[in-house]
Amino acid sequence: MKKLIMFSILTLLGLVGCEKATPVTSMTELLNYKDSYVGDNSAVGNIIGRLPAHEYLDSFELQTSQEPYEITINYKLFDEATVELEDGSTSKASLNEILQGNSMTILSLVKNAEIINFKVGDQDTVTFDRATLVDNYGKLLESISEECYLCKIL
């Protein structure tokens, strides 16, 4: 099961693409925000605006008053999203794949973020935390944003 989830996340993050992707989903553009901080509203907003399902974004909130620092992303209701692949084709990704992949991407770019919350429509909040993702995926979380790592393996 763990391997299936790992494959799904790698596939989803690979969908974010590299050099040939559209500007909205370019991993190269996301790397401009590597080592950002939760308190940098502009950087966090730019990251979120370039991730899969950005078209469903309603708002986001930053909790910087005390550690652990959190980012809460509010999406309009959706079950799946269309993601553009590096070659220009498209694929569908489920809500869960989108949320987990987006949380891993954000945590790999925003160095002091510890918790990512997703509120989708009127559904319960889905939370991902750095410690659990590191326990489950180890170095993958760090390597997502290292020199467009996914561009080289996909």
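Please refer to the structure higher up on the page.
Residues numbered from 1 in each chain as written. Predicted model: local features only at pLDDT ≥ 70, side-chain atom pairs only at ≥ 80, totals over all residues. Heavy atoms only, no water.

Pairing is mixed across the open sheet formed by four strands, whose spatial order is 1-2-5-6. The sheet is open, and its two borders are formed by strand 1 (57-63) and strand 6 (126-129), each paired with just one other strand. Looking at each pair of strands side by side, their axes are set apart by 15° on average, direction ignored. One ladder, built from six bridges, connects strand 1 with strand 2 (residues 69-75); its direction is antiparallel. Residue pairing across strands places Q63 opposite E70, the latter belonging to strand 2. (Pairing = 2+ DSSP bridges. Helix = DSSP H or I, 4+ residues; strand = E, 2+ residues; numbered from the N terminus. Axes fitted to C-alpha atoms, helices over the stretch in contact; angles between N-to-C directions.)

This paragraph deals with helix 5 (residues 130-137). Within helix 5, the full set of buried residues consists of R130, L133 and Y137. Seen from one end, helix 5 has its buried residues packed into an arc of 70°, which puts them on one side. Measuring from the backbone nitrogen of A131 back to the side-chain oxygen at the start of helix 5 gives 3.3 Å, which picks out D129 as the cap. Once helix 5 finishes, G138 follows within two positions and takes phi at roughly 55°, a positive value. (Buried < 20%, exposed > 50% of the residue type's maximum accessible area, 1.4 Å probe, protein only. Arc of directions from axis to C-beta. Polar contact = N/O pair within 3.5 Å; in protein donor to acceptor, adjacent residues only side chain to side chain.)

To continue, consider the pairing of strand 6. Sheet topology places strand 5 (residues 113-120) next to strand 6; four bridges connect them, and they run antiparallel. Paired with F118 across the bridge in strand 6 is V126. Connecting the antiparallel pair strand 5 and strand 6 is a turn made up of five residues, with G121 showing a positive phi of about 60°.

As a further point, take the pairing of strand 4 (residues 90-94). Direction of pairing for strand 3 (residues 80-84) relative to strand 4: antiparallel, over a ladder of five bridges. Bridging from a neighbouring strand, V83 pairs with S91 of strand 4. Hairpin connection between strand 3 and strand 4: a loop of five residues separates the two successive antiparallel strands, and G88 in this loop has a positive phi of roughly 95°.

In this section: the packing of helix 4 (residues 95-109) against helix 5. Helices that pack against each other are described as a pair by the angle of their axes relative to one another and the distance between those axes. Interhelical geometry of helix 4 versus helix 5 gives an angle of 100° and a closest axis separation of 11 Å. By the angle between their directions, the pair helix 4 and helix 5 is classed as roughly perpendicular. Contacts between helix 4 and helix 5 involve Q100, S103, M104 and L107 from the first element and R130, L133 and Y137 from the second. Among the residues forming the contact of helix 4 with helix 5, the class breakdown is four nonpolar, two polar and one charged. (Parallel < 35°, antiparallel > 145°, perpendicular 65-115°, else oblique. Contact = heavy atoms within 4.5 Å. Nonpolar A, V, L, I, M, F, W, Y, C, P; charged D, E, K, R; others polar.)

Taken as a whole and judged by the stated rule, the model has four aromatic pairs. Put simply, the rings of Y56, Y75, F78, F118 and F128 pair up and form one aromatic cluster. (Phe/Tyr/Trp six-rings, centres within 6.5 Å; stacked < 30°, edge-to-face > 60°.)

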